[in-house]
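# Report on the structure
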There are 2 protein chains.
Amino acid sequence: MKNENNEVILEGKSERIYKTLMDSILEALKNGTLNPGDRLPPERKWAEEMKVSRSAVREAVRALEMIGLVSCRQGGGTFINENYRLTMFQPMTISHRLNHGTLSDIQEYRQCLEIQAAKLAALHATDEDIRILESLVRKMNRADNTYEGSIYDRNFHSKIAEISGNCLIRDSLASVEALLDEIIDDVRSIIFQSARNTRLLHDQHQQIIDSLRNHDAASAGKYMSEHMELIVRLLK
Amino acid sequence: MKNENNEVILEGKSERIYKTLMDSILEALKNGTLNPGDRLPPERKWAEEMKVSRSAVREAVRALEMIGLVSCRQGGGTFINENYRLTMFQPMTISHRLNHGTLSDIQEYRQCLEIQAAKLAALHATDEDIRILESLVRKMNRADNTYEGSIYDRNFHSKIAEISGNCLIRDSLASVEALLDEIIDDVRSIIFQSARNTRLLHDQHQQIIDSLRNHDAASAGKYMSEHMELIVRLLK
DNA sequence: TTATAAAATTGGTCAGACCAATATGCAATC
DNA sequence: GATTGCATATTGGTCTGACCAATTTTATAA
């Protein structure tokens, strides 16, 4: 780093430059200066602004890309991912791969998180939340193909995770989705393949919603548990 | 409400070099060519071997470092982390920070995973596993300071996560440890600070071990649940 | 106005250099 | 022989400048 200007960029120990750059991005995201979909400055310009080399900038971009926060398009630019939560836990995928993980591993992991999410959601759900969930279930019912239905199902679970108010649980479950996608083709369409299953799933969804409406955490957990058991059975 | 866009990433195009390099490391780790503690080739040499520029190598190293697989020591070299599981979920820390996460978030997340781990461990625990757990509890009892005791406590929980046989749960819990460390100073010493607590914790640990020995998943889950509730209460 | 091609922009890669922290080897010392 | 201290080599960290490749923007022609 140049000493020409008496800028105090680093305090104490000399931290790696790319980490400093990363932090500035994280900070901007946190306080809303930067938002999903936004474009980062071009590498050359950013480097100039921060008075560092382009190499340092590129290392920061690489790090941000690795944790799923940004995507780079050659010639286009680098952008904050629209839904960066979905890939935030990319290392989970790598871990699963390195450890020869099985489908059961994913199911067991998902199971307890979904149940916990449902319990927490029961404590926090607002009327508006309930309305949205019911709307999703209605759409799910009316869906005329398995794919469309599966999308609403996915939204249903995401919404509950959102309502839970717990960012770790929410993000983990989003990552589970990604992981499942990677392992099974068209995961949810499998679930919706028979009319009988669809009916069963509908009833379970409704039971969960009712529990949330009554702010009955125990009940929500119980019904979500049953729901998960069904899904586990169907995916076998 | 935003539409879900399930992007299917197409292979076949020229992949980024750093990803190729990463993959070779992951592959080497998977088949045992590389092991924790091993040193990666010097950047210059590695670049030459792979017939790429050093920049490309550095981007790969950066990516590996970001997901917690390797650590770099200037002048020393780059090494596979001894226990890379511990930092595999570093993005969790970032997510927690970006979302203004609370201690409750961590507790709720940990709670359901520890319980699930205990249940699964009950199904898989061997006599050897039980022996190790009992040894840990004995050492915990004999520990003459809170710090030493806290280490054994940590090992106790890690061991159960290990016994569960689920890599995702195990790695997630390891990450929770790291996250707690980052937020609270000397987390577990707080827990062990009073003799009365120590006694309570000891009994709970013993109950959990007994459940594992009997391969009683329900019981293991119940006692771990009580254990977690106590911990939550103590950390408040 | 639209379609097409040239130019500018921007990420991807490369080469070579120097700095800073660490590791290594060797000589001096005890 | 073992230890210490220092010069040297090694290795990661950063910088500069260049060229390639994909994309976007602009200018031009129909």
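Residues numbered from 1 in each chain as written. Chains lettered and ligands numbered in written order. Predicted model: local features only at pLDDT ≥ 70, side-chain atom pairs only at ≥ 80, totals over all residues. Heavy atoms only, no water.

## Quick notes on the interface of chain B and chain A
Convention followed: Two residues qualify as a contact provided that any one of their heavy atoms is within 4.5 Å of a heavy atom in the partner residue. The term buried area means the drop in 1.4 Å probe accessible area that two parts suffer when joined, counted for both and summed. The rule for a salt bridge is simple: a side-chain nitrogen of Lys or Arg has to be within 4 Å of a carboxyl oxygen of Asp or Glu. Polar contacts, as counted here, are pairs of nitrogen or oxygen atoms within 3.5 Å of one another; within protein the pair requires one atom able to donate a hydrogen and one able to accept it, and residues that are adjacent in sequence qualify only if both atoms are side-chain atoms. Helix and strand labels come from DSSP, where a helix needs a run of H or I of at least four residues and a strand needs a run of E of at least two; each type is numbered from the N terminus. The residue classification treats Ala, Val, Leu, Ile, Met, Phe, Trp, Tyr, Cys and Pro as nonpolar and Asp, Glu, Lys and Arg as charged. All others, Gly included, are polar.
Contact with chain B, which involves 52 residues of that partner, is made by 54 residues of chain A. Taking both sides of the interface into account, the surface hidden between chain B and chain A amounts to around 4900 Å²; carbon and sulfur atoms contribute 62%. When the buried area of chain B at its contact with chain A is split by residue, B:R97, B:L98 and B:L168 rank highest and sum to 14% of it. Put simply, chain B and chain A have 8 salt bridges between them. Put simply, A:R58 and B:E59 hold a salt bridge, and the shortest N to O gap is 2.8 Å. Linking chain B with chain A are 20 residue pairs in polar contact (both at pLDDT 80 or more), by the criterion used here. Those elements that provide at least two residues to the side of chain B that touches chain A are α1 (17-30), α3 (54-66), α4 (90-98), α5 (103-124) and α8 (167-183) of chain B. A per-element tally of the side of chain B that touches chain A places α5(B) first, with 10 residues. Classifying every residue of the side of chain B that touches chain A gives 24 nonpolar, 13 polar and 15 charged.

## A word on the protein's contact with DNA strand C
Filter applied, for reference: The cutoff for a nearby residue is simple: one of its non-hydrogen atoms must lie within 4 Å of the molecule or strand.
Neighbouring residues of DNA strand C: 25 residues in total, closest A:R39, A:E43, A:R44, A:R54 and B:R16. Here DNA strand C approaches the protein such that, of its atoms within 4 Å, sugar and phosphate make up 60%. Within the side chain of A:R44, one N or O atom sits 2.9 Å away from a base oxygen of DNA strand C. Between DNA strand C and the protein, one listed contact pairs a phosphate oxygen with a backbone N or O atom of B:I17 at 3.0 Å. Contributing elements (two or more residues each) for the surface near DNA strand C: α2 (43-50), α3 (54-66), β1 (70-73) and β2 (77-80) of chain A together with α3 of chain B. The residue makeup of the surface near DNA strand C, split by class, is 5 nonpolar, 9 polar and 11 charged.

## Thoughts on the pairing of β1(A)
Residues and elements named next belong to chain A. As a reminder, the rule being used: Any two strands with at least two DSSP bridges between them are considered paired.
In the sheet, β1 pairs with β2 via 4 bridges, with the strands oriented antiparallel. Looking across to β2, one finds that R73 is bridged to G77. Connecting β1 to the next strand, β2, in antiparallel fashion are 3 residues, including G75 with a positive phi near 85 degrees.

## Focus on the relation of the copies chain B and chain A
In plain terms, the rule: Superposing copies: least-squares fit, C-alpha atoms only, residues required to have pLDDT of at least 70 in both.
Of the transformation placing chain B onto chain A, the axial shift is 0.1 Å and the rotation is 180 degrees, giving an RMSD of 0.2 Å. Look at the turn and shift together and you get a two-fold axis relating the two. The residues that chain B uses at the interface reappear at the interface of chain A in 94% of cases, marking a shared surface.

## Some points on the nonpolar core
Rules: Buried Ala, Val, Leu, Ile, Met, Phe, Trp, Tyr and Cys residues form a nonpolar core when they are joined through side-chain atoms within 4.5 Å. When accessible area is computed with a 1.4 Å probe and restricted to protein chains, residues below 20% of their type maximum are described as buried, those above 50% as exposed, and intermediate ones as partly exposed.
With 83 residues, the main nonpolar core has A:Y109, A:I160, A:L212, B:Y109, B:I160 and B:L212 as its most contacted residues. Non-local contacts of B:L212, meaning those with residues more than four positions away in its chain, are made with B:A118, B:A121, B:A122, B:A125, B:I130, B:L133, B:I160 and B:A220. A:L21, A:L29, A:L69 and B:L29 belong to the second largest nonpolar core, which has 50 residues in total.

## Observations concerning helix α6 (residues 127-142) of chain B
The α-helix advances 3.6 residues per turn, and as a result positions three or four apart in sequence lie on the same side. Here is the rule we go by: Here a helix's expected span is defined as the number of its residues, less one, multiplied by 1.5 Å.
Helix length check: α6(B) (16 residues) gives 23 Å between terminal C-alpha atoms against 22 Å at 1.5 Å per residue, within 8%. Taken residue by residue, α6(B) has B:D129, B:I130, B:L133, B:S135, B:L136, B:V137 and B:M140 as its buried positions.

## Quick look at the protein's contact with DNA strand D
Looking at DNA strand D, there are 27 residues lining it, with A:R16, A:S53, B:E43, B:R44 and B:R54 nearest. Atoms of DNA strand D within 4 Å of the protein belong to the sugar or the phosphate in 60% of instances, the rest to bases. Within the side chain of B:R62, an N or O atom sits 3.3 Å from a phosphate oxygen of DNA strand D. Those elements giving two or more residues to the surface near DNA strand D turn out to be α3 of chain A together with α2 (43-50), α3, β1 (70-73) and β2 (77-80) of chain B. Among the residues making up the surface near DNA strand D, the classes are represented as 6 nonpolar, 9 polar and 12 charged.

## Some remarks on the pattern of salt bridges
Residues and elements named next belong to chain A. Counted according to the given criterion, the structure contains 36 salt bridges over all chains. Between R199 and D203 there is a salt bridge, with the nearest N and O atoms lying 3.9 Å from each other. Taken as a pair, R199 and D203 lie in helix α10 (residues 195-213) at a separation of 4 residues, close to a single helical turn. The exposed category is assigned to R199, whose relative accessible area is 53%.

## Quick word on the packing of α3(A) against α3(B)
Let me state the cut-off plainly: In this analysis an axis means a line fitted to C-alpha atoms, helices contributing only their contacting stretch, and an angle means the value between N-to-C directions, from 0 to 180 degrees. Small angles under 35 degrees read as roughly parallel and large ones over 145 as roughly antiparallel, with 65 to 115 read as roughly perpendicular and the rest as oblique. Handedness of a crossing follows from how the near helix is turned relative to the far one, being left-handed for an anticlockwise turn of less than a right angle and right-handed for a clockwise one.
It is at 9 Å that the axes of α3(A) and α3(B) come closest, and there the two elements cross at 45 degrees. Relative to α3(B), α3(A) is oriented oblique. Helix-helix and strand crossings are classified by hand; for α3(A) and α3(B) the assignment is right-handed. In this structure, α3(A) contributes A:R58, A:E59, A:R62, A:A63 and A:M66 to the contact, and α3(B) contributes B:R58, B:E59, B:R62, B:A63 and B:M66.

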